[in-house]
Amino acid sequence: MKKNFFYKKMFCLRNKVAVVTGGCGTLGEKFCEGLAAQGANIAIVDIDYKKAKKLSEKINLAYDTKSMPILCDLTIKKSVDQMVKKVLLEFGEINILVNNAASKTNSLKNFFKDYDNYDLKTWKNIMSANLESMFLTTQTICAQMVKQKKGGSVIQVSSIYGMIAPDQRIYKGSSSLGSKINTPAAYSVSKAGVIGLSRYLSTYYASKKIKVNTITPGGIESGQNKKFIQNYSKRVPMNRMGKAHELVGALIFLSSDASSYITGQNFIVDGGLSTW
């Protein structure tokens, strides 16, 4: 039987250029490492340049690829335009966009306020960071992909609470990194918007061979207290929270030729939570 080398290379990202926003976050760091492991060159985009630089140095030592840190405020068009110019200057093109950046604002106290007392300014800040940033990055980077005439892949990160309502009961006695937590309406609404934007873009850019999909994580362990982890895990068929690295497989699949006929889809990685 003649060997089909497509299957051997279908997950390979060698010489592809990936832009990862929120590249130093809980998920972003694993995304950058996973893409680099498959051969992609990475632009690590973050509001914290020191962290981005440190991660870039780590990746350049560990993998046979190139990465670069880029400071960018994704809520400002001029900053996004400058970020894209830097990527093109270094790598020449952009093949993959991982829209992962999100924010809890500068004040966790304001972010976790109850709905009745939620401040409009905080609401707008979350919408800007979580949703408007994706509008700006896709608008600029997809235009570049069209210009390149090679197609591309856009993966946007939502949340399980962009699909289903949070179970308010699990937050009793819960905290994360020392702060009482809940899931604000602004977060849920912004993450629901991510799914809607991905679906819209998937049909808008389909004729240009740009696929646009969403990854929707369930709860990921990231400093929550034991009480919250226990409460959340009881709601999950697999009886646990997820680990950040467990999203990387879906990311590589959607970034690669293995998903060449998939667009407009929402890949839910939640241990079965949304099944119940």
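Small disclaimer: the values here were computed from a predicted structure and weren't measured. (Residues numbered from 1 in each chain as written. Predicted model: local features only at pLDDT ≥ 70, side-chain atom pairs only at ≥ 80, totals over all residues. Heavy atoms only, no water.)

Among the secondary structure elements, S174 is positioned in the loop between β5 (152–157) and β6 (175–176). Among all residues touching S174, those that are not within four sequence positions of it are S179, K180, I181, N225, K227, F228 and N231. (Helix = DSSP H or I, 4+ residues; strand = E, 2+ residues; numbered from the N terminus. Contact = heavy atoms within 4.5 Å.)

Quick look at a nonpolar patch on the surface now. Nonpolar side chains collect at one region of the surface, where I47, Y49 and L71 lie side by side and expose about 310 Å² of accessible area between them. Note that L71 resides in strand β3 (residues 67–71). (Patch = residues over 30% accessible without salt bridge, like charges linked within 9 Å, V, L, I, M, F, W, Y side chains within 5 Å. Areas by Shrake-Rupley, 256 points an atom, 1.4 Å probe, with all protein chains shown as cover. Salt bridge = Lys/Arg side-chain N within 4 Å of Asp/Glu carboxyl O.)

Turning our eyes to something else, we now look at the sheet that holds strand β1 (residues 17–21). On the basis of which strands lie adjacent, the open sheet formed by seven strands has the order β3-β2-β1-β4-β5-β8-β9 and parallel pairing. The outermost strands of the open sheet, each flanked by one partner alone, are β3 and β9 (266–269). Here the average twist between neighbouring strands, direction ignored, is 15°. Across five bridges, β1 lies against strand β2 (residues 41–46) in parallel orientation. Paired with T21 across the strands is V45, a residue of β2. (Pairing = 2+ DSSP bridges. Axes fitted to C-alpha atoms, helices over the stretch in contact; angles between N-to-C directions.)

Turning to the environment of K209, a few remarks are in order. Relative to the elements of secondary structure, K209 occurs in the loop between α7 (185–204) and β8 (210–217). Separated by 23 residues in the primary sequence, K209 and A186 place their C-alpha atoms 33 Å from one another. Beyond its immediate stretch of four places on either side in the chain, K209 contacts G151 and G152.

Spatial relationships are all this shows, so hold off on functional conclusions.
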